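A closer look at the structure
Here is what each chain is made of, one letter per residue.
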Amino acid sequence: MTDEHGLGEPDTDRPARTPTRHLARRLARELTGVATVEIDDVKGRLSVAVTPGNPDARAFGWTDFSDELVLQVGDYGGRWELEAGPEDVALLEDIVRSVIAGRVREVFAPGRSAISVTLADGSVETEIGGDAPAGCLPLPFWRRWSRSVQYAPYR
């Protein structure tokens, strides 16, 4: 069953996901007209995908497995695997709000990227990931000479 925003009713059987569900619903309201927020709550997990209308902004999404949160900001890098405690939910929200504000930079290299998100307090969270064949090592200093993108805010 869904509410007027198509976001579903609160799930009282799984209260551990309530904080990320509330965040998803707030984002759906706040980003009306500037982004698409898709919320999928099926089979023991909550998945959220946020796609900005601005092509120069960065999309992101997260999955809440009740005991673990996985936030993905980049194609390869930008994957944060968090626990579901209050501190990690707060970090998830800080990163999400910073991406929406355009405080995210991505450095690309073949088969890998590094995402750096500057949080509201000025600290920087960076995650590096890759999808290269086994045994392939990154070229030295790839983050210094590779192409980088500073993403725009959603608004």
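Counting restarts for each chain: residues are numbered from 1 in the order of the written sequence. Selection of residues for local features in this predicted model requires a pLDDT of at least 70, selection of side-chain atom pairs for listing and counting requires 80 or more, and totals for whole chains, interfaces and linings are taken over all residues. Where side-chain values are given, they derive from all heavy atoms of the structure, hydrogens and water being excluded.

**Things to note about the packing of aromatic side chains**
To describe a pair of aromatic rings, one takes the distance between the centres and the angle between the planes. Two aromatic rings from Phe, Tyr or Trp, using only the six-membered ring of Trp, form a pair when their centres are within 6.5 Å; if the ring planes differ by under 30 degrees the pair is stacked, by over 60 it is edge-to-face, and anything between is tilted. As enumerated under the stated definition, the model contains one aromatic pair in all. Seen in terms of ring centroids, F60 and Y154 are 6.4 Å apart; in terms of plane orientation they differ by 40°. Their pairing is tilted. One end of the pair, F60, is in strand β3 (residues 60-64); the other, Y154, is in the segment after β9 (148-150), with 94 residues separating them in the sequence. Helical segments are the DSSP runs of H or I of at least four residues, strand segments are the runs of E of at least two, and each set is numbered from the N terminus.

**Details of the sheet that holds strand β6 (residues 104-109)**
Within a sheet, neighbouring strands are paired by backbone hydrogen bonds and run either parallel or antiparallel to one another. Should DSSP find at least two bridges between two strands, the strands are regarded as paired. Strand order across the open sheet formed by four strands is β8-β7-β6-β9, with antiparallel pairing between neighbours. Strand pairing shows two members of the sheet lacking a second neighbour, β8 (124-130) and β9, which therefore form its edges. Neighbour-to-neighbour, the strand axes of the sheet open up by a mean angle of 15°, direction not taken into account. With six bridges connecting them, β6 and strand β7 (residues 112-118) associate as antiparallel partners. In the sheet register, V107 faces β7, and the bridge partner there is A114. Each of β6, β7 and β8 touches helix α2 (residues 86-100); the most contacted strand, β7, lies at about 95° to it. Note on geometry: axes are C-alpha line fits, over the in-contact stretch for helices, and angles between N-to-C directions span 0 to 180 degrees. What makes two residues a contact is simply this: any of their non-hydrogen atoms within 4.5 Å.

**Re the environment of E38**
Mapped onto the fold, E38 is located in strand β1 (residues 35-42). E38 sits 23 residues away from G61 along the chain, and the two C-alpha atoms are 9.1 Å apart. Once residues lying within four places of it in the same chain are set aside, the contact partners of E38 are S47, V48 and A49.

**Things to note about the side chain of R21**
One can find R21 in helix α1 (residues 18-30). Whenever two N or O atoms come within 3.5 Å, that pair is a polar contact, provided that in protein one can donate a hydrogen and the other can accept it, and provided that, for residues adjacent in sequence, both atoms are side-chain atoms. Separated by 2.6 Å, the side chains of R21 and D41 make a polar contact.

**Considerations on the sheet that holds β3**
With antiparallel pairing, five strands are arranged side by side in an open sheet as β1-β2-β3-β4-β5. Only two strands of the sheet have a single partner each, and these edge strands are β1 and β5 (79-83). Each neighbouring strand pair of the sheet contributes to a mean axis angle of 10°, computed without reference to strand direction. Where β1 lies against strand β2 (residues 45-52), eight bridges are found, and the strand directions are antiparallel. Each bridged residue has a counterpart across the sheet, and for A35 the counterpart in β2 is P52.

**Overview of the pairing of β5**
Because side chains alternate across β5, one face comprises the buried residues W80 and L82, and the other comprises R79, E81 and E83, none of which is buried. Looking at chain direction, strand β4 (residues 68-72) and β5 are connected through five bridges and run antiparallel. Bridge assignment links V70 to a residue of β5, and that residue is E81. Counting the residues in the hairpin turn of β4 and β5 gives six residues, including G78, whose phi is positive at 75°. To sort residues, take the accessible area from a 1.4 Å probe on protein chains only and compare it with the maximum for the residue type: under 20% means buried, over 50% means exposed, and anything in between is partly exposed.

None of this, on its own, says anything about what the molecule does.
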